[in-house]
Amino acid sequence: MKMHLCRITARGYELDSYGHVNNAVFLNYFEQARWELFQEKGLLEHLTARGLFLVVVEVNIRYQHEVKLGDEVEIMTTVRRDNPFILFEQKMKMCRTGRSLARARVKTVFVDEQRISHDIPDGVEQVFAC
């Protein structure tokens, strides 16, 4: 799969008492990028129809630089398979300068409504060629 790009602008309510985006918000930015990726690939409807949900089971994040109010960031996401898991490798950079802000490795698994894990569904595997 080619790299997926997502842009987000830092909002005032995401700031902490130090005047920069709270570290926990970085997780939201990375998650938003994954949601957009799945939506753009048409996978949300596909998974819903099959009664499957993608859940995060592990996150490793490396913070490199702060983000301030109004900063526009770009998140680059690539996907790889580690059956039954899908691993998202994500990098965040400042749009204006290209400076690296954070990187994350997110491990996910598909579960059904009974919370039983499943292998990567065919439709997902084909879209990502993972």
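Residues numbered from 1 in each chain as written. Predicted model: local features only at pLDDT ≥ 70, side-chain atom pairs only at ≥ 80, totals over all residues. Heavy atoms only, no water.

(A) Helix α1 (residues 23–40), seen in detail. The end-to-end C-alpha separation of α1 is 27 Å, in line with the 26 Å expected for 18 residues at 1.5 Å each. The opening residue of α1 is Asn22, an N-cap whose side-chain oxygen sits 2.8 Å from the backbone nitrogen of Ala24. Count one or two residues on from α1 and you reach Gly42, which has phi positive near 70°. (Helix = DSSP H or I, 4+ residues; strand = E, 2+ residues; numbered from the N terminus. Expected span 1.5 Å × (residues − 1). Polar contact = N/O pair within 3.5 Å; in protein donor to acceptor, adjacent residues only side chain to side chain.)

(B) Just the side chain of Glu74, in detail. Among the structural elements, Glu74 can be located in strand β3 (residues 72–82). Side-chain polar atoms of Glu74 contact the side chain of Arg7, separated by 3.4 Å. Setting aside its immediate chain neighbours within four residues, Glu74 contacts Leu5, Cys6, Arg7, Lys91, Met92, Lys93 and Cys95. (Contact = heavy atoms within 4.5 Å.)

(C) Region of the structure containing the packing of aromatic side chains. Tallied over the entire structure, the rule returns 3 aromatic pairs. A ring pair is formed by Phe26 and Tyr29, whose centres lie 6.5 Å apart and whose planes are at 20°; its orientation type is stacked. Of this pair, Phe26 and Tyr29 both sit in helix α1, separated by 3 residues, roughly a single helical turn. The two residues Phe26 and Tyr29 agree in class, both being buried. Aromatic pair Phe26 and Tyr63: ring centres 5.3 Å apart, planes at 75°, arrangement edge-to-face. Residue Phe26 is found in helix α1, and its partner Tyr63 is found in strand β2 (residues 52–63); the two are separated by 37 residues along the sequence. Ring pairing ties together the aromatic residues Phe26, Tyr29 and Tyr63, which thus form one cluster. (Phe/Tyr/Trp six-rings, centres within 6.5 Å; stacked < 30°, edge-to-face > 60°. Buried < 20%, exposed > 50% of the residue type's maximum accessible area, 1.4 Å probe, protein only.)

(D) Looking closely at the pairing of β3. Bridge analysis of strand β1 (residues 4–9) against β3 gives 6 bridges, and the strand direction is antiparallel. Bridging from a neighbouring strand, His4 pairs with Thr77 of β3. Count of turn residues in the β3/strand β4 (residues 85–94) antiparallel hairpin: 2 residues. (Pairing = 2+ DSSP bridges.)

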